[in-house]
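Residue-level structure breakdown
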Amino acid sequence: MRSAILLFALALLSVSPLSGQVERGDPIPLSQHARVKQAVAWASIDLEYRRPVARGRELFGSLIPWDEAWTPAADSAVVFTTSAPLTVAGEPLAAGSYSLWLIPREAGPWTVIFSRNARVFHGPYPGPRRDALRVEVEPKRGEHVESVLFLFPWAEGPETELHFRWGETLLPIPITVR
């Protein structure tokens, strides 16, 4: 019995650190980890993602095809978590964790998708049967942003807006805590 415990302990000690851990001296990731958390009324809204960088590339309609589901993150899908039920662009979303996907369009509104598959790789899209919510949001033109950015530019009472920014695209997603 003692030898089995000793062998188990030695096996644990020989295991390399988790691949998700980054040590000083490791190569710097091209897409940096980011997290934004906002209190809105009695809810906490949290987004976790890795920030792709434009690096001079043409983004929408080239690197990111029109009319195809895409998660605005690198390596893994954006994880969107809310501690309370919300209304997103006028439609209900239950409390919980979701992966966030977008369908960019050359003309007209973009589709914002909250998938029940919360923690997934950045592709392929889990499919419409896993959707918790789909809403349409009209994009706007903004100042150039080099790395994908999510932010809450304001929060007042039970209302806020989640902004997705990349290149010259600004997608304002209205949110209300129910």
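For clarity, every value in this text was computed on a predicted model and none was experimentally measured.

Within the protein chain, the regular secondary structure consists of one helix and eleven strands. Going residue by residue from the N terminus, the α and β elements of the protein chain occur as α-β-β-β-β-β-β-β-β-β-β-β. About 10,300 Å² of surface is accessible on the protein chain, with carbon and sulfur atoms providing 55% of the total.

Summed over all chains, the structure comprises ten aromatic pairs. On the basis of an interplanar angle of 10 degrees and a centroid distance of 5.9 Å, the ring pair of Trp70 and Trp166 is categorised as stacked. One end of the pair, Trp70, is in the loop between strand S2 (43–51) and strand S3 (78–82); the other, Trp166, is in strand S11 (residues 159–177), with 96 residues separating them in the sequence. Note on Trp70: relative accessible area 13%, which makes it buried. Ring centres of Tyr98 and Phe114 lie 6.3 Å apart, and the angle between their planes is 85 degrees; on these two criteria the pair is classed as edge-to-face. Taken together, the residues Tyr98 in strand S6 (residues 96–103) and Phe114 in strand S7 (residues 110–115) connect sequence positions 16 residues apart. Accessibility expressed as a relative area gives 1% for Phe114, which makes it buried. Through successive ring pairs, a cluster of aromatic residues spans Tyr49, Phe60, Trp70, Trp110, Phe150, Phe164 and Trp166.

Quick look at the confidence of the model for the protein chain now. With 87% of its residues at a pLDDT of 70 or more, the protein chain shows a mean pLDDT of 89. Between residues 2–20, whose pLDDT stays under 50, and residues either more than four places distant or in other chains, the model counts zero contacts.

What counts, and at which threshold
- Residues numbered from 1 in each chain as written.
- Predicted model: local features only at pLDDT ≥ 70, side-chain atom pairs only at ≥ 80, totals over all residues.
- Heavy atoms only, no water.
- Helix = DSSP H or I, 4+ residues; strand = E, 2+ residues; numbered from the N terminus.
- Areas by Shrake-Rupley, 256 points an atom, 1.4 Å probe, with all protein chains shown as cover.
- Phe/Tyr/Trp six-rings, centres within 6.5 Å; stacked < 30°, edge-to-face > 60°.
- Buried < 20%, exposed > 50% of the residue type's maximum accessible area, 1.4 Å probe, protein only.
- pLDDT = per-residue confidence, 0-100.
- Contact = heavy atoms within 4.5 Å.

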